[in-house]
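A look at the structure
Okay, here's what each chain looks like letter by letter:
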Amino acid sequence: MTRIFIPKDIAALAVGANKVAARIEAEAQARRLSVEIIRTGSRGAYFLEPLVEVETAEGRIGYGPVAVSDIGGLFDAGFIDGGAHASRIGKPEEHPFFARQNRLTFARCGIIDPVSLSDYAAHGGWRGLLRAIEIGPAATIAEVTKSGLRGRGGAGFPTGIKWKTVADAPADRRYVVCNFDEGDSGTFADRMIVEGDPFALIEGMTICAVAIGATKGYVYCRSEYPHAAKTFSQALVLAREAGCLGSNIKGSEHTFDIEIRMGAGAYVCGEETALLESLEGKRGIVRAKPPLPAHKGLFQRPTVVNNVLSLVAAPTILDRGAEFYASFGVGRSRGTMPLQIAGNVRYGGLFETAFGLTLGEIVEEIGGGSASGRPVRAVQCGGPLGAYFPRALFDTPFDYEAFAARDGLIGHGGLVIFDDTVDMARMARFAMEFCAVESCGKCTPCRIGSTRGVEVVDRVISGVKTTENIALLEDLCQTMKFGSLCALGGFAPYPVLSALHHFREDFAPPALAAE
Amino acid sequence: MLEASSWNVDRAQEIVNKHLGLEGPMLPILHALQEEFGYVGAEAAPLIAQALNLSRAEVHGVITFYHDFRHELAGRHILKLCRGEACQSMGSEELARDLLVKLGIDWHGRTQDGELTVEPVYCLGLCASSPSALLDGEPIARLDAATLAEAIDEARGL
């Protein structure tokens, strides 16, 4: 019996993984070969998907990308014994895309069956939770604080301090809320880990619950991720059956359960207070802070709202220790960050690494430049509210402070690459248009500023009083930046201003471009 | 694509009642209604308002805030085409424009034969395999005009 591993991550399905799996099964049957097909998450090398792996005496051997039409040839080449073929990549972990990574958070992703409890336990699962139960809440929080983990959703707030604030707030009940409203274009790390290793999120949330004394947790999943929601729901049922959720978790006195809730297509609900409003069943309108959600969050109770990646980092920190986690990274950016290399790029995918690589290394060396083969012109870092970086800033190291120093943000770690055919004035217009579509409407700079922003960019593009309108646009951006209540209106100026400053030539009609 | 059933007050009430034990049941109710009937019509608001002890205006406010909730029946097939920046970097805007022109509709529009509704979506998390879309909930990626047309024809059984 040969074991064959084929991803069922949605990005693999989108390029035909199910058809490939069905064909391999049929072909094996026709050839009277005994194979067992195991569906995994994705390892994250999306340029290799569908990536098929076979278990051989020397380990797992990968073939990718595999098309249905390749399968006859693969069997002819003896791929189930690791035979030579044009699509053979050897051992995936030795492939250049993986060899340079530090897989902590994504260690199991793409390797195990996501909804197999025995796989999870065999690959180090639950060890972090058991240690948290053993050392108790205060020591657990101290461990997370010492690891230097900062919120991976984008704001970068120290996770341990947030947990301590909630733990110290007097209340009849507290909540853990996982922000799985991963709306930024160019990001897919949350989706990938929930599809590929959902028990890790359950473990991370349970560690948090033990630390802060919560009995109920919610995962707020965006509705654009139905596939991930299905996998996670399956995992919840299995975890409950196994005593990893519910009463007396893992034999302790702790009680905790998780419910998954679907968003409804509002980007602003990725902002934590809008998310809480939405969970409560209201319009997803941003709350004024204070009070912080840590004091008055869901249903006015102290609430930890953490991104998926922050919560999924907790099991590693508890299991392997704060010093181990903090030994990765630079300055105040400790640990690893899953970079999501996306857009017009040759080797797109998820690359988990310690902080500190330069933008140029990420784009050119790891990403291999553009997919189109044309020169890379711009990289948008940190989602639709992130700045566009030109080649001149490719020496910027990937960490929170270095990006902030250059008027950018790393956000949730998404990098969208554009080649030289991009029209940056159009991208600036899109940023304003997106903000207008998604604004919750609570504060004026965002609600009205974004619509006026589209109009002003339109005037610039059509060459109406270009200089005056560019000045007006800059002024509007300052108002939005400093006058908006949350990051939607506050950060929408980043893509606009960065496009304007670094790619000014795109904002003048052709006749004036030379001036 | 599942056929949506037509509006039925008793069935709707049943769906609402089933969710009343939840904390913050509003969104689960709206999702369940849309799944059953294909949209959340004006008839739903008074029902939910009564059950949750809210005003109709509050319920209407929630329904209209979220992009997902349709106010009328969509086409038999639904294409959610991504407009995120990653997809744009691979030509999704041109792809969408050409498709909409070909179908003779705008975003959110339904083709005259009632077969297909095209909706914009801002990121499906398939950003390293752009351009991408969900067609009746099934993911498709690395699209171009030909593969997109092929997928639509296949869904429609053409």
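Model, not experiment: these values are computed from the prediction.

What about the domain arrangement of chain A?
Residues and elements named next belong to chain A. Taken domain by domain, chain A holds domain 1 (2-99), domain 2 (117-326), domain 3 (329-419) and domain 4 (424-507). On the side of domain 2, five residues touch domain 1, which itself brings six residues to the contact. A class-by-class count of the residues in the side of domain 1 that touches domain 2 yields one nonpolar, four polar and one charged.

A few points about the sheet that holds strand β13 (residues 349-354) of chain A
All names here are of chain A. With respect to topology, five strands assemble into an open sheet ordered β13-β12-β16-β14-β15, the strand pairing being mixed. Both outer strands of the open sheet, β13 and β15 (388-390), are each paired with one neighbouring strand and no more. Adjacent strand axes in the sheet meet at a mean angle of 30° when their direction is disregarded. Of the strand pairs in this sheet, strand β12 (residues 336-343) and β13 are connected by six bridges, and their pairing is antiparallel. In the sheet register, Met-337 faces β13, and the bridge partner there is Thr-353. Docked against the sheet, helix α21 (residues 493-502) engages β14 (376-381) and β15, running at close to 20° with respect to β15.

What to know about the sheet that holds strand β7 (residues 216-221) of chain A
Residues and elements named next belong to chain A. Strand order in the open sheet formed by four strands is β8-β7-β6-β9, and the pairing between neighbours is parallel. Two strands bound the open sheet, and with one partner strand each, they are β8 (257-262) and β9 (303-307). Within the sheet, the average angular offset between the axes of one strand and its neighbour, ignoring direction, is 20°. Where β7 and β8 come together, six bridges link them in parallel fashion. Paired with Cys-221 across the strands is Met-262, a residue of β8.

Focus on the interface of chain A and chain B
At the interface, 45 residues of chain A touch 35 residues of chain B. Elements with a contribution of two residues or more to the side of chain A that touches chain B: α1 (10-13), β8, α12 (272-279), β12 and β16 (414-419) of chain A. When residues in the side of chain A that touches chain B are grouped by element, the largest group, four residues, is from β12 of chain A.

Here we look at helix α18 (residues 444-461) of chain A
Residue and element names in this part refer to chain A. With 18 residues, α18 ought to run about 26 Å at 1.5 Å a step, and its terminal C-alpha atoms sit 25 Å apart, in line with that. Along its length, α18 reaches its greatest deviation from straightness, about 30°, at Ser-450. Among all positions of α18, only Pro-445, Cys-446, Gly-449, Ser-450, Gly-453, Val-456, Val-457 and Val-460 are buried. As for α18, its buried residues are in contact with α17 (424-438), α19 (466-483), α20 (487-491) and α21. Gly-463 occupies a position one or two residues after α18 and carries a positive phi of about 80°.

Some points on the confidence of the model for chain B
Averaged over all residues, the pLDDT of chain B is 94; the fraction at 70 or higher stands at 97%. Here the complex is predicted with pTM 0.95, and the ipTM for its interfaces comes to 0.95.

Description of the packing of helix α1 (residues 9-18) of chain B against helix α3 (residues 44-52) of chain B
Residues and elements named next belong to chain B. In contact at an axis separation of 10 Å, α1 and α3 are set at 35° when each is read in the N-to-C sense. Note that α1 runs across α3; the crossing there is right-handed. Judged by residue contacts, Ala-12, Gln-13 and Val-16 of α1 engage Ala-44, Leu-47, Ile-48 and Ala-51 from α3. For the contact of α1 with α3, the class distribution of residues is six nonpolar, one polar and no charged.

Rules and cut-offs
- Residues numbered from 1 in each chain as written.
- Chains lettered and ligands numbered in written order.
- Predicted model: local features only at pLDDT ≥ 70, side-chain atom pairs only at ≥ 80, totals over all residues.
- Domains from an automatic or database assignment.
- Contact = placed C-beta atoms within 7 Å.
- Nonpolar A, V, L, I, M, F, W, Y, C, P; charged D, E, K, R; others polar.
- Pairing = 2+ DSSP bridges.
- Helix = DSSP H or I, 4+ residues; strand = E, 2+ residues; numbered from the N terminus.
- Axes fitted to C-alpha atoms, helices over the stretch in contact; angles between N-to-C directions.
- Expected span 1.5 Å × (residues − 1).
- Bend = angle between axes of the 7 residues up to and from the residue.
- Buried ≥ 20, exposed ≤ 12 C-beta atoms within 10 Å, placed from the backbone.
- pLDDT = per-residue confidence, 0-100.
- Left-handed = near helix turned anticlockwise from the far one by under 90°.

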